[in-house]
Amino acid sequence: MTRTLISSTQLKRGRTVYWTLLAVVVTVFTLVFIGPLYWMVTGALKSAQEVAQTPPTLFPQDPDLSNYTAAWEQLNLGKLLFNTFYYAAGAVLFQLVFDTAAAYALSKLRPVFGNVVLGAMLATLMIPAMVLIVPQYQTVISLPLIDVSLLDSPFAIWLPMVANAFNIFLLKRFFDSIPEELMQAAFVDGASPLRTLWSIILPMSRPILGVVSIFAVTAVWKDFLWPLLVMPHPETRTVSVGIYAFAGGTPQNVVIAASVIAALPTVIIFLIFQRNIMSGLTSGSLKG
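Here's a quick rundown of the structure. (Residues numbered from 1 in each chain as written. Predicted model: local features only at pLDDT ≥ 70, side-chain atom pairs only at ≥ 80, totals over all residues. Heavy atoms only, no water.)

1. Observations concerning the nonpolar core
Working step 1: Core analysis: the biggest nonpolar cluster contains 22 residues, and Y68, L77, V239 and I243 have the highest contact counts within it.
Working step 2: Counting only elements with at least two residues in this core, the list comes to α3 (66-74), α4 (77-109), α13 (239-246) and α14 (252-282).
Working step 3: Considering each element in turn, this core owes the most residues, eight residues, to α14.
Working step 4: Other than its neighbours up to four places away in sequence, I243 contacts L75, L77, L80, V255, A258, S259 and A262.
Working step 5: Ranked by size, the runner-up nonpolar core spans 20 residues in total, among them A91, I133, M161 and W226. (Core = buried A, V, L, I, M, F, W, Y, C linked by side-chain atoms within 4.5 Å. Buried < 20%, exposed > 50% of the residue type's maximum accessible area, 1.4 Å probe, protein only. Helix = DSSP H or I, 4+ residues; strand = E, 2+ residues; numbered from the N terminus. Contact = heavy atoms within 4.5 Å.)

2. Some thoughts on the pattern of salt bridges
Working step 1: Using the criterion set out here, one finds three salt bridges in the structure.
Working step 2: Between K108 and E180 there is a salt bridge; the shortest N-O distance is 3.3 Å. Remark: E180 occurs in helix α9 (residues 180-188) and K108 occurs in helix α4; sequence separation between them is 72 residues.
Working step 3: The buried category is assigned to K108, whose relative accessible area is 8%.
Working step 4: Judged by relative accessible area, which is 28%, E180 ranks as partly exposed. (Salt bridge = Lys/Arg side-chain N within 4 Å of Asp/Glu carboxyl O.)

3. A short note on the environment of T238
Working step 1: Assignment of secondary structure puts T238 in the loop between α12 (225-230) and α13.
Working step 2: In this structure the C-alpha to C-alpha distance between T238 and V41, which are 197 residues apart in sequence, comes to 21 Å.

4. So, the packing of helix α10 (residues 193-204) against helix α11 (residues 206-222)
Working step 1: Where α10 contacts α11, the axes come no closer than 5 Å and their chain directions differ by 70°. The angle between α10 and α11 places the two elements in the roughly perpendicular class. Taking contact as the criterion, the partners of L202, P203 and M204 in α10 are, on α11, R206, P207 and L209.
Working step 2: In the contact of α10 with α11, the residues fall into five nonpolar, no polar and one charged. (Axes fitted to C-alpha atoms, helices over the stretch in contact; angles between N-to-C directions. Parallel < 35°, antiparallel > 145°, perpendicular 65-115°, else oblique. Nonpolar A, V, L, I, M, F, W, Y, C, P; charged D, E, K, R; others polar.)

5. Section: the layout of surface pockets
Working step 1: Looking at the largest pocket, its volume works out to about 1,000 Å³.
Working step 2: Taken together, 28 residues make up the lining of the largest pocket; nearest its centre are A129, Q136, P160, M161 and N164.
Working step 3: Secondary-structure elements contributing two or more residues to the lining of the largest pocket are α6 (129-141), α7 (155-162), α8 (165-176), α11 and α12.
Working step 4: Of the residues forming the lining of the largest pocket, the biggest block, six residues, is contributed by α11.
Working step 5: Taken together, the residues that form the lining of the largest pocket break down as 19 nonpolar, seven polar and two charged. (1 Å grid on protein atoms, 1.4 Å probe; cavity = no way out; pocket = protein on both sides within 12 Å on 5 of 7 lines; lining within 4 Å. Points joined across faces, edges and corners; volume = space filled by probe spheres on them.)

6. Comments concerning the packing of aromatic side chains
In this description, an aromatic ring pair is defined by two values, namely the gap between the centres and the angle between the planes.
Working step 1: Counted under the stated rule, the structure contains eleven aromatic pairs.
Working step 2: Here the aromatic rings of Y38 and F59 are separated by 6.5 Å at their centres, their planes lie at 85°, and the arrangement is edge-to-face. Taken together, the positions of Y38 in helix α1 (residues 8-43) and F59 in the loop between α2 (48-51) and α3 put the pair 21 residues apart, joining distant regions of the chain.
Working step 3: For Y38, a relative accessible area of 35% translates into the label partly exposed.
Working step 4: On the numbers, 5.9 Å between centres and 45° between planes, the contact of Y86 with Y87 is tilted.
Working step 5: In this structure Y87 comes out as buried when scored by relative accessible area, which is 4%.
Working step 6: Among the aromatic residues, those joined into a cluster by ring pairs are F82, Y86, Y87, F94, F98, F155 and W158. (Phe/Tyr/Trp six-rings, centres within 6.5 Å; stacked < 30°, edge-to-face > 60°.)

This is a description of form; function is not addressed.
In structure tokens:
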């Protein structure tokens, strides 16, 4: 019989304590994250009086799906969702074009002072977003040199999102993992740097491009303060700003129903592409 420093009884007790603590921690964190979502979904099925009731009820006494219909009609959610989809699609396009080009240049073309530029971009991640609101707004209301206002223009949302240091860093790290032999072989065959990017780099980078696209969509979807400042007209509002604008004179249960509808697209996107997100974030090498 093999003897160890720790007896089998102690090992069994340790496993019991470990699994007990793990179950408790997982349960607590699940309730913390799922709780607000559950309250939102059930609150959308309650009456206005039941929503305001103290203490709140765990289950709707008389579930009413008409709150969703009222939210769609009263808050004009169709228009708000279309605006948000439009801004998100433009943000994805701009980021894929410009951030990919910047990452490709820093990773494979290696310009002079490229590391300095990359370091400066990464340093901007240390600056709180709220600090940049005022100078960004001053720039948007009067573009330097041409003195043009971008208020109520989709470019007011698209252009600030192009310079995304985090996405450029993600793309660069992925491009760094692509073997230089492929680049050299393409140059020997006469391919230009742009053709190499289009024909070799991008097809191999679909996972990380998908991650960047999802990040861009969720960034537009959840943003509130910036669209509130640059999209003051009701016809150009995003869904978060639109719900906020109508919340004052709308019953609370209808506002909650509108929030559920607004949250559904991003939840569906995550559930569909969660594997792509994880594979894109963890992929960093090629297997031969």
